[in-house]
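Listed here are the chains, written in short residue letters.
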Amino acid sequence: MRSQITGYPTLELHEEKILIVVKTYPRPSAKYRELVCTAGITTSGKWIRLYPISYRYLDYNKWYRKYQWINVKIEKANIKNDFRADGYRPVESTIQAIDEPITTNKQWIDRKNLILPTVQSGSLEEVEEKYKKDSISLGIFKPKEIIDFVIEQESSEWSKKQQQELSQLRLFEVQPKALIKIPFKFSYKFICNDKRCNKPHKLSIIDWEINALYLNMKEKYGYDMDVVLQKVKEKWLTEMWSNKRDSYLIVGTQYPNPTFMVLGVFWPPK
């Protein structure tokens, strides 16, 4: 079995304890109404993704936060539909949050003790190589330099197909919840410490937190969009990548697209 070779959790249905590290902004889904990609670390130090999860439609007592341990029953995702080695299907009804999220007290030491040992790639090129070789679709690494934080305008409305997916009534289920379409795409442009990195990478950021920050700033500053976007940039570029931080990119693919995206940033103080 693959789990015996790589150290990943067993393929059969079982309960696993996982530290939640990243959570993406919801996206419309025909089958599940909307989906959130959640990634975390097992007690044995392996990055895995929990997919699919309709996070906002879970019972409130099953909501989990970043850097919070959860217990959940998982099994290997259907390999015909999702061949990624680190993808597992959670049983949503079994999700149980444990205690409070790990704090940033004492220079983030508790978080660093769990996250930093999982840094086993030195560049995006190495992460992509593992994906091609072993179908490992999650990774964390330190870029050589973040060159820019790119903001591109997009449609403020979901497509007609996406609107249908979000608004579809389902028998015996919670009624549809409004999901705001973020009218901007945020990306990092960076270079790696790798001789194969001969031109800057550009990866879009799909972390729930960056979109939540945008919405919070929009509520605070109204329609002064220049200020709103500047506040987002100050957080995700100036603050997260200052010379006082030891920052890393957490990346992953979004099925069925094999292109890597930024799922989150780990940015403890030096």
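This text gives an overview of the structure that appears in the document. (Residues numbered from 1 in each chain as written. Predicted model: local features only at pLDDT ≥ 70, side-chain atom pairs only at ≥ 80, totals over all residues. Heavy atoms only, no water.)

1. Overview of the nonpolar core
Logical step 1: Phe186, Tyr188, Trp236 and Leu249 are the most contacted members of the largest nonpolar core, which has 73 residues in total.
Logical step 2: Considering each element in turn, this core owes the most residues, six residues, to strand 14 (residues 257-266). (Core = buried A, V, L, I, M, F, W, Y, C linked by side-chain atoms within 4.5 Å. Buried < 20%, exposed > 50% of the residue type's maximum accessible area, 1.4 Å probe, protein only. Helix = DSSP H or I, 4+ residues; strand = E, 2+ residues; numbered from the N terminus.)

2. As for empty space enclosed by the protein
Logical step 1: As enumerated under the stated definition, the model contains one cavity of 30 Å³ or more in all.
Logical step 2: Space inside the largest cavity adds up to approximately 50 Å³.
Logical step 3: Forming the walls of the largest cavity are Arg27, Cys37, Arg49, Tyr51, Arg84, Ile206, Thr253, Gln254 and Tyr255.
Logical step 4: Split by residue class, the lining of the largest cavity holds four nonpolar, two polar and three charged. (1 Å grid on protein atoms, 1.4 Å probe; cavity = no way out; pocket = protein on both sides within 12 Å on 5 of 7 lines; lining within 4 Å. Points joined across faces, edges and corners; volume = space filled by probe spheres on them. Nonpolar A, V, L, I, M, F, W, Y, C, P; charged D, E, K, R; others polar.)

3. Structural notes on the sheet that holds strand 12 (residues 201-204)
Logical step 1: Read from one edge of the open sheet, three strands run 10-11-12, paired in antiparallel fashion. Looking at the sheet topology across the chains shown, the edges are occupied by strand 10 (145-153) and strand 12. Going across the sheet, the axis of each strand differs from the next one's by a mean of 25°, ignoring polarity.
Logical step 2: Relative to strand 12, strand 11 (residues 184-191) is paired through four bridges, and the arrangement is antiparallel. Across the sheet, residue Tyr188 finds its bridge partner in strand 12, namely Leu203.
Logical step 3: Strands in contact with helix 6 (residues 225-239) are strand 10 and strand 11; relative to strand 10, the strand with the most contacts, it is inclined by about 150°. (Pairing = 2+ DSSP bridges. Axes fitted to C-alpha atoms, helices over the stretch in contact; angles between N-to-C directions. Contact = heavy atoms within 4.5 Å.)

4. Section: the environment of Trp63
Logical step 1: Along the chain, Trp63 falls in the loop between strand 5 (47-50) and strand 6 (69-76).
Logical step 2: With 32 residues separating them along the chain, Trp63 and Ile95 place their C-alpha atoms 8.3 Å apart.
Logical step 3: Residues contacting Trp63, with those up to four places away along its chain left out, are Tyr55, Arg56, Leu58, Gln68 and Ala97.
Logical step 4: Among the polar contacts made by the side chain of Trp63, one reaches the main-chain carbonyl oxygen of Tyr55 at a distance of 3.2 Å.
Logical step 5: Here the side chain of Trp63 touches Leu58 through a polar contact of 3.3 Å, landing on its backbone oxygen. (Polar contact = N/O pair within 3.5 Å; in protein donor to acceptor, adjacent residues only side chain to side chain.)

5. Focus: the side chain of Glu34
Logical step 1: Relative to the elements of secondary structure, Glu34 occurs in strand 3 (residues 33-35).
Logical step 2: A polar contact is formed between the side chain of Glu34 and the side chain of Arg56, at a distance of 2.8 Å.

6. Things to note about the pattern of salt bridges
Logical step 1: All told, the structure shown has eleven salt bridges when counted by the stated rule.
Logical step 2: The closest approach of N and O atoms between Asp246 and Lys142, which form a salt bridge, is 2.7 Å. Of this pair, Asp246 sits in the loop between helix 6 and strand 13 (248-254) while Lys142 is found in the loop between strand 9 (138-141) and strand 10, placing the two residues 104 residues apart along the sequence.
Logical step 3: Measuring nitrogen to oxygen at the nearest pair gives 2.9 Å for the salt bridge that ties Arg196 to Asp194.
Logical step 4: When its relative accessible area of 40% is taken as the criterion, Arg196 is described as partly exposed.
Logical step 5: The class of Asp194 is buried, set by a relative accessible area of 12%.
Logical step 6: A single network of salt bridges, built from pairs that share partners, joins Lys66, Asp207 and Glu209. (Salt bridge = Lys/Arg side-chain N within 4 Å of Asp/Glu carboxyl O.)

7. What about the packing of helix 5 (residues 208-221) against helix 6?
Logical step 1: Where helix 5 meets helix 6, the axes come as close as 9 Å, and the angle between the chain directions of the two elements is 145°. The two elements helix 5 and helix 6 cross, and the hand of that crossing is right-handed. Touching Glu209, Ile210, Leu213, Tyr214, Met217, Lys218 and Tyr221 of helix 5 are Met225, Val227, Val228, Leu229, Lys231, Val232, Lys235 and Trp236, all from helix 6. (Left-handed = near helix turned anticlockwise from the far one by under 90°.)

8. Remarks on the layout of surface pockets
Logical step 1: Looking at the largest pocket, its volume works out to about 500 Å³.
Logical step 2: Looking at the largest pocket, it is lined by 20 residues, and the ones nearest its centre are Tyr25, Arg27, Glu154, Trp158 and Ile206.
Logical step 3: Elements represented by at least two residues in the lining of the largest pocket include exactly strand 2 (27-29), helix 4 (160-167) and strand 11.
Logical step 4: Residue contributions to the lining of the largest pocket peak at three residues, all from strand 11.
Logical step 5: Here the residues of the lining of the largest pocket are counted per class, giving ten nonpolar, five polar and five charged.

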